[in-house]
Amino acid sequence: MKGTSIRDLCDLVGGAPEGGEIDLIASDGYKATINYTNVYTPLERQGEAIIAWWTERQGYVPDYRDGPRLFYNTPDGVFGADDMRTCLAEAYWHYYWDSGIQYPSAAGVSNKNIATIAIKPGAREDWNLILTGAITDTISRSYFESGKACAMAGHGATWTDDDGHVWSGMPLWVLCGWVDDANKHDYGTDPFRDDLADAGYNVTVIDYGPDGVKGTGDDFSTTFNSSFVKRNRNIIVADEIDGAPLPKDGKTWPLKLVGSALTSNKQRVGSIDEIVLTGVPVPVVPPEGDATITLSPGWNFVSTPKRLANGVNTLAIFDVVDTAAHSIQFYDGLEQKWRRVAPTDPFQPLGAVWVYANTTCTVPLTFAPSGPDLPPAKELGRGWNAIGFTDTVPESAMGTLLSLGDRWSTLIGFDADAQKYDDSIIRTVNSGHHSVMRSMQPTSGYWIYMTEEDTLAGISA
């Protein structure tokens, strides 16, 4: 890569003061902050902080799509998580959440598409915000600012008051989503639970008062119902006014509740110390199974890979699905017609049904204990038949359909995410999109065209 020293760029406008901070602001508003030492007196292990505008792979900006981008020119060419821990102060570390675990991410400090460098005279005073609900957690100033700057997730929000001052922060509902259940902010998920907000709970914003102690007589608070807070971008927990920290006047800093949805000064709590969720409904956790069918919005073509345990071996397992009034569809290949099914009908291996889901959801499958039972088999008629896949790991169509010999010609699966059929698999094709070596997938259903009647044997018991 090629780039320009951030120190040299800052010096073009008089430099950054010792103890100051430097904001690297992307074109979409995302902001990464580094401090004076990382620019002017970096550790040898870190190397020079640069703004890269060329890479060997993509060339110059704009062909270099991530540029201009922050990099540390380390001696070994890699700035990793341990380099971040050693070279940056803790307030500047970056994390991401996945499966309830907070992982360090050095890549997260490498802001891209940088459009503005803003020099600030001094590091801001740290503070913490306590969030209490289904779980309790503490948000630091730096983490709050990182979340607020996440433009892709839309966490930031602004409000302009009657005097023209611009307040910025995060919507209250985003912070509620951090503690309304056990999912703080797993990567790729929406942590705010609309269903819990609809069921109803209270959100209380608290200033501990001058003594800084919760529960004493000088506390000040306001309470909202979750139905009012839900996805409301006009109730903002602000940390800045006109781009600067809130004034330390004893009633504003570090956080203040503002926004056009607030109708009285009693609701505009300042010096916020804690946000408490009370009466949060306990989420209903679906029972765990040996496997899971994941349903996407729209139609899904599904099957069970093994025999199901008594009591959970009928189509009633789909009763938990919001089908938007659509019936489960079953095609009888022996009679070559669609047949109406009931919740009491068995859901068996090698059978496949169509299930409509209004939203993404999961259906657990509990397998029957192994015993002296014959492996599954299914009679198929001449023409199209709906079949399931009988294993918990993928297998090629050639291996799966070996029992049918040359009495089948075409196999077609369904992509529920895209709501369209997959490319067909053709028995006589050994490579490419239609190859018989392509895999069949657990819990999926398939159309198979039979040139003669025959019996399909399962590939697992």
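Owing to the predicted nature of the structure, the values given are computational and were not obtained by experimental measurement.

### Observations regarding helix H4 (residues 141-148)
Because an α-helix packs 3.6 residues into every turn, residues spaced three or four apart end up facing the same way. In terms of residue burial, H4 counts as a mostly covered element, since six of its eight residues are buried. Where H4 is concerned, the buried positions are Arg141, Ser142, Phe144, Glu145, Gly147 and Lys148. Contacts from the buried residues of H4 go to strand E2 (21-26), strand E11 (136-140), strand E13 (166-171), helix H5 (172-179) and strand E16 (236-241).

### Observations regarding the packing of aromatic side chains
What the rule picks out here adds up to 20 aromatic pairs. With a centroid separation of 5.4 Å and 80° between ring planes, the pair formed by Trp173 and Phe192 is classed as edge-to-face. With Trp173 in helix H5 and Phe192 in the loop between H5 and helix H6 (194-199), this residue pair connects regions lying 19 residues apart in the sequence. Accessibility expressed as a relative area gives 5% for Phe192, which makes it buried. Considering the side-chain rings of Phe318 and Phe347, the 5.4 Å spacing of their centres and the 75° angle between planes classify their relative orientation as edge-to-face. Placement of Phe318 in the loop between strand E21 (298-302) and strand E22 (329-332) and of Phe347 in the loop between strand E23 (337-340) and strand E24 (353-357) is noted, with a sequence separation of 29 residues between them. According to the relative accessible area criterion, Phe318 is buried, its value standing at 3%.

### Topic: the side chain of Thr400
Structurally, the position occupied by Thr400 is in helix H8 (residues 397-400). Polar side-chain contacts of Thr400 include one of 2.8 Å to the backbone oxygen of Ser396. If we skip the residues at most four places from it in the chain, Thr400 touches Phe389, Glu395, Met440, Leu456, Ala457 and Ile459.

Each value, and the rule that gives it
Residues numbered from 1 in each chain as written. Predicted model: local features only at pLDDT ≥ 70, side-chain atom pairs only at ≥ 80, totals over all residues. Heavy atoms only, no water. Buried < 20%, exposed > 50% of the residue type's maximum accessible area, 1.4 Å probe, protein only. Helix = DSSP H or I, 4+ residues; strand = E, 2+ residues; numbered from the N terminus. Contact = heavy atoms within 4.5 Å. Phe/Tyr/Trp six-rings, centres within 6.5 Å; stacked < 30°, edge-to-face > 60°. Polar contact = N/O pair within 3.5 Å; in protein donor to acceptor, adjacent residues only side chain to side chain.

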